[in-house]
Amino acid sequence: MKATEINARASSDYATKLARTQELLEQAARDYAPVMPGGPSLVSLACSLGAEDMVLAHLINTLHLNIGIFVLDTGRLHTQTLELMHQLKATSRAPVEIFQPQTEAVVTFVQREGKDAMYKSIELRKACCQIRKMEPLERALADKRAWVTGLRREQSGARAEVPFIDDSNAHRLKFNPLAEWTWGDVWFYIQQNNVAYNQLHDQFYPSIGCEPCTRAISLGEDFRAGRWWWENESAKECGLHVKPHSSHEVAVSQSDTHGAFVSAQADFSAAEVKGSPEPGRSQNENAKECGLHVQQEPLKQGAQA
Ligand code: SF4
């Protein structure tokens, strides 16, 4: 059964939400227009190729907004995700940039810790995320003054207070135009507009990350139960979307070397690895984050070593 058939269910105020989303995207494009005509936009969509981001990419294209799109190709994405990435790049009116990790850093890390080091410890999992996601994210955002994400309040307890516009980072505004959308709204939009989506969604992957760190979920499981399922939930951050508002779970830290990121890092000391990565129901879903929105401190010496 298709994800659209299972999930597409518009809220009673869907039209209002859609209008607000369009207004926010238009505001982002207007406020962060290129400095020079024809130059690159100062705002980009961080596109994970998940359902929410495909909605936003579709809106950016159909509204003809001057907002760039970038994808982080970590080198560990599913085949289905890579296919969608190439499809988006080939069909998008808005420019799609693909950022990959530094080869030398990946090779060094894999030689030292192994290809699947993420299962060994939380520190190594975060080190992998740092190399494959966070460093490329820094490059993707280096010349941007704002970015757009598909964060929704419904996704987890840690995201329950996601604002439409997050100004907690003095250097870069974050627009979250889908903050109030439900999962049903997302799929209603996809169905109504025939938006291309990741085929893994048809296989019960609601939240899709890297292949080794994502699994399908069962009926009744939390939305993000398939992400880093072997870890204690308090440690499930890799860097991209942690917010200071979950202050008991994350510690706000300092900006990075470029002064660009407000950092909020999961409390490693409270973290615990549950052992082998066998599929099973995860715990304390409130703290679960994908990592793309955690603005993470530079890793401690030894975390990558
Ligand atoms: S999600 Fe998993 S494979 Fe992807 S960067 Fe993080 S630890 Fe590495």
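Here goes a summary of the coordinates provided. (Residues numbered from 1 in each chain as written. Predicted model: local features only at pLDDT ≥ 70, side-chain atom pairs only at ≥ 80, totals over all residues.)

In this section: the overall build of the chain. The helix and strand tally for the chain stands at 7 helices and 8 strands. A buried classification covers 46% of the 305 residues belonging to the chain. Partitioning the intrachain contacts of the chain with sequence separation of at least 6 by distance along the chain shows that 75% fall at a separation of at least 24. (Helix = DSSP H or I, 4+ residues; strand = E, 2+ residues; numbered from the N terminus. Buried ≥ 20, exposed ≤ 12 C-beta atoms within 10 Å, placed from the backbone. Contact = placed C-beta atoms within 7 Å.)

To continue, consider the sheet that holds strand E1 (residues 43–46). If you walk across this open sheet you meet the 6 strands as E3-E2-E1-E4-E6-E5, and the pairing is mixed. The open sheet has two edge strands, strand E3 (96–99) and strand E5 (165–166), and neither has a second partner. Where strand E2 (residues 68–72) and E3 come together, 4 bridges link them in parallel fashion. Looking at E3, one finds that Phe70 is bridged to Glu97. Along the sheet, helix H6 (residues 122–141) makes contact with E1, E2, E3 and strand E4 (146–148), crossing E2 at roughly 165 degrees. (Pairing = 2+ DSSP bridges. Axes fitted to C-alpha atoms, helices over the stretch in contact; angles between N-to-C directions.)

Quick look at the site of the ligand now. Taken together, 13 residues are adjacent to the ligand, and Cys128, Cys129, Arg132, Cys210 and Cys213 come closest. Split by residue class, the shell around the ligand holds 7 nonpolar, 2 polar and 4 charged. (Near = placed C-beta within 6 Å. Nonpolar A, V, L, I, M, F, W, Y, C, P; charged D, E, K, R; others polar.)

Where helix H3 (residues 51–62) contacts helix H7 (residues 183–193), the two axes come as close as 9 Å, and the packing angle between them is 50 degrees. By the angle class used here, H3 and H7 are oblique. Note that H3 runs across H7; the crossing there is left-handed. Listed contacts from H7 to Ala51, Glu52, Met54, Val55 and His58 of H3 are Val186, Trp187, Tyr189, Ile190 and Asn193. (Parallel < 35°, antiparallel > 145°, perpendicular 65-115°, else oblique. Left-handed = near helix turned anticlockwise from the far one by under 90°.)

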